[in-house]
Structure formats: C-alpha cells, structure tokens
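Given next are the chains, with one letter for each unit.
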Amino acid sequence: MNRHSTQEQPTVFIVDDDPSVLRSLTRMFQLEGYAVEGFAHPRQMLERGPGKRPGCVVMDLRMPELNGLELQAQLRQVGWMQPIIFISGHGDVPAVVKAMKAGAVDFLSKPFSTAELQAAVERALAQDRVASSAEQELAALRARFSKLTPREQQVCRMVAQGMLNKQIAAELGTAEQTVRLQRSRVMDKLEVDSVAELVRLLERLEPSQPTSGKSPGL
C-alpha cells in the first residue's frame, strides 16, 4: 500500500551487486510506496549524481572495485547528502565503527527482517527531512544576509557583539545618526525585530565568529 503522496514520495537508493537482492529490495520498497532507484555497481550511482530529497541510501558493504565504505566517502565528496544504511553479511566491528563515524545512520547484519530494514529506512528518511529543512532555512538566511551592503554587514556584526550606536560610530568614523539608519536597514533586510533575534541569526550564519559578553544596546 502506498503510504506517501506523489509530491512527497521519498526515494530509496539501493546499491547491491547481487541482482537477486537488488530486485527483491526494489520490489519491497516499491510496494511500500517509495520511489526506488537501484544500482548494480557503485560507480553507476556516482555517475548518476545526487538524487532528490527526501531520500536515503541502502548499500551493501562488500562490492567489487569500490566497497561500501569507499563509496560512502565518494558520495559525500560529489554532493550526496542522504543518510546511508549499510547491509552486510560480513560486517565486522571495525567496519561498523568506521561506517558510523563517517555518518552512516544504521548498519544491519544479514540476515535481518523486513521490518528491521523498513524501520531503519523510516528513521533515515525522517533524519533527511529534518536536515533538508534546516539546509533550506539556512540558505534563506544567507540570501537575506547577502542583501546587506558591506557596511551594513559590518554594522550588523558590531550590533551582535553588543556595541552601542555611538560606539559603532566612533569605531567606523561616522555619525551616530548614520549608524542608526544603517542598523534599521539591517533589521528590515534580515526580517528580525530584536537584537536577540539578530544575534541568533548571525550565530547560525557565522558560528565561528565569537560574540562579546556585552549586553546589546540600543
């Protein structure tokens, strides 16, 4: 039974060099209402390019030429962001640890039940939806920030550090009234109503930039 609308239909990307396993998993996920793309060779997936989201990748660990761990690394390099689930009949502890440290969301050892795999896929898809939403929100914030002039960006950062208008004016060698106007434009363009919101927005855009302990002034 199809549990997903066409518009929101998530995609399960399957990579397995065993034709029977690939066919079986493809059929199973199709019956569950997912869009499915199967690849019999890891390089086919790399050549395809990043898929749409929401989605997840189900891949075998041991494959010819390019094993699952190597494919995992190369997928990230070419822009695949979907969560990865490993399946394997040969998974040892070092392989599991390496896969999970590299960002895999699950590692199922064969034999596993259909219910276990479906549950793992649902967890991966939920994670991808959250990540995709966060990335879209961040992209929107960056677009708003890009509307600021270089001077407005400078004023924005100073405000977020807790500097008063008169302090900013002295630092920039300009009139306090000019800073007040620039600050107002910053708030309008970034669509924020308070200094607290401005600080949170800037922390998301520039997390490596430290802010001072000063209280934001007006």
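Let us look at the structure shown here.

Cut-offs applied
Residues numbered from 1 in each chain as written. Predicted model: local features only at pLDDT ≥ 70, side-chain atom pairs only at ≥ 80, totals over all residues. Heavy atoms only, no water. Helix = DSSP H or I, 4+ residues; strand = E, 2+ residues; numbered from the N terminus. Rg over C-alpha atoms; globule rule 2.2 N^0.38 Å. Buried < 20%, exposed > 50% of the residue type's maximum accessible area, 1.4 Å probe, protein only. Areas by Shrake-Rupley, 256 points an atom, 1.4 Å probe, with all protein chains shown as cover. Lys, Arg positive; Asp, Glu negative; His and termini not counted. Charge placed at Lys NZ, Arg CZ, Asp CG, Glu CD. Arc of directions from axis to C-beta. Polar contact = N/O pair within 3.5 Å; in protein donor to acceptor, adjacent residues only side chain to side chain. Pairing = 2+ DSSP bridges. Axes fitted to C-alpha atoms, helices over the stretch in contact; angles between N-to-C directions. Contact = heavy atoms within 4.5 Å. Parallel < 35°, antiparallel > 145°, perpendicular 65-115°, else oblique. Nonpolar A, V, L, I, M, F, W, Y, C, P; charged D, E, K, R; others polar. Core = buried A, V, L, I, M, F, W, Y, C linked by side-chain atoms within 4.5 Å. Phe/Tyr/Trp six-rings, centres within 6.5 Å; stacked < 30°, edge-to-face > 60°.

On to the overall build of the protein. Within the protein, the secondary structure is distributed over 9 helices and 5 strands. Start at the N end of the protein and walk to the C end: the helices and strands fall as β-α-β-α-β-α-β-α-β-α-α-α-α-α. Its C-alpha atoms give the protein a radius of gyration of 24 Å, clearly above 17 Å, the size a compact globule of 218 residues would have. With the C-alpha coordinates of the protein rotated into their principal frame, the extents come out at 75 × 40 × 30 Å. Counting across all 218 residues of the protein, residues that qualify as buried make up 44%. Working note: accessible area of the protein is about 11,800 Å², and carbon and sulfur atoms make up 52% of it. Here the protein holds 27 positive side-chain charges and 26 negative ones, and the gap between their average locations is 6 Å.

Restricting attention to buried positions, one finds in helix H3 (residues 68-77) the residues Gly68, Leu69, Leu71, Gln72 and Leu75. When H3 is viewed along its axis, its buried side chains cluster within an angular range of 160 degrees and face the same direction. For H3, the N-terminal cap is Asn67; the gap from its side-chain oxygen to the backbone nitrogen of Leu69 is 3.0 Å. Gly79 occupies a position one or two residues after H3 and carries a positive phi of about 105 degrees.

Another aspect to go through is the sheet that holds strand S3 (residues 55-60). The strand order across the open sheet formed by 5 strands is S2-S1-S3-S4-S5, and the pairing between neighbours is parallel. Only two strands of the sheet have a single partner each, and these edge strands are strand S2 (35-39) and strand S5 (106-109). Averaged over all adjacent pairs, the angle separating strand axes in this sheet is 20 degrees, with direction ignored. One ladder, built from 5 bridges, connects strand S1 (residues 11-15) with S3; its direction is parallel. Bridge pairing links Val12 to Cys56 in S3. Contacts from helix H4 (residues 93-101) reach strand S4 (84-88) and S5 within the one sheet, and its direction differs from that of S5 by about 155 degrees.

A separate point is the packing of helix H6 (residues 150-160) against helix H8 (residues 176-190). With their axes 9 Å apart at the nearest point, H6 and H8 run at an angle of 90 degrees to one another. In terms of their interaxial angle, H6 and H8 are classed as roughly perpendicular. Mapping the contact onto sequence places Arg151, Glu152, Val155, Cys156 and Val159 in H6 and Gln182, Arg183, Arg185, Val186, Lys189 and Leu190 in H8. Residue composition of the contact of H6 with H8, grouped by class: 5 nonpolar, 1 polar and 5 charged.

One finds Phe145, Cys156, Ile168, Leu190 and Leu198 to be the most contacted residues of the largest nonpolar core, which totals 24 residues. Among the elements of the structure, helix H5 (114-145), H6, helix H7 (165-172), H8 and helix H9 (195-205) are those that each provide at least two residues to this core. With 6 residues, the single largest contributor to this core is H9. For Leu198, the residues in contact, after removing those within four places along its chain, are Cys156, Val159, Val186, Met187, Leu190 and Val192. Phe13, Val15, Met63 and Leu75 belong to the second-largest nonpolar core, a separate cluster that totals 20 residues.

What follows covers H9. For H9, the complete set of buried residues consists of Val195, Leu198, Val199, Leu201, Leu202 and Leu205. Buried residues along H9 cover an arc of 165 degrees about the axis, so they all sit on one side. Close packing links the buried residues of H9 with H5, H6 and H8.

Turning next to the packing of aromatic side chains. If you walk through the whole model with that rule in mind, you get 3 aromatic pairs. Consider the rings of Phe29 and Tyr34, whose centres lie 5.7 Å apart with planes at 75 degrees: the pair is edge-to-face. One exposure class covers both Phe29 and Tyr34, and it is buried.

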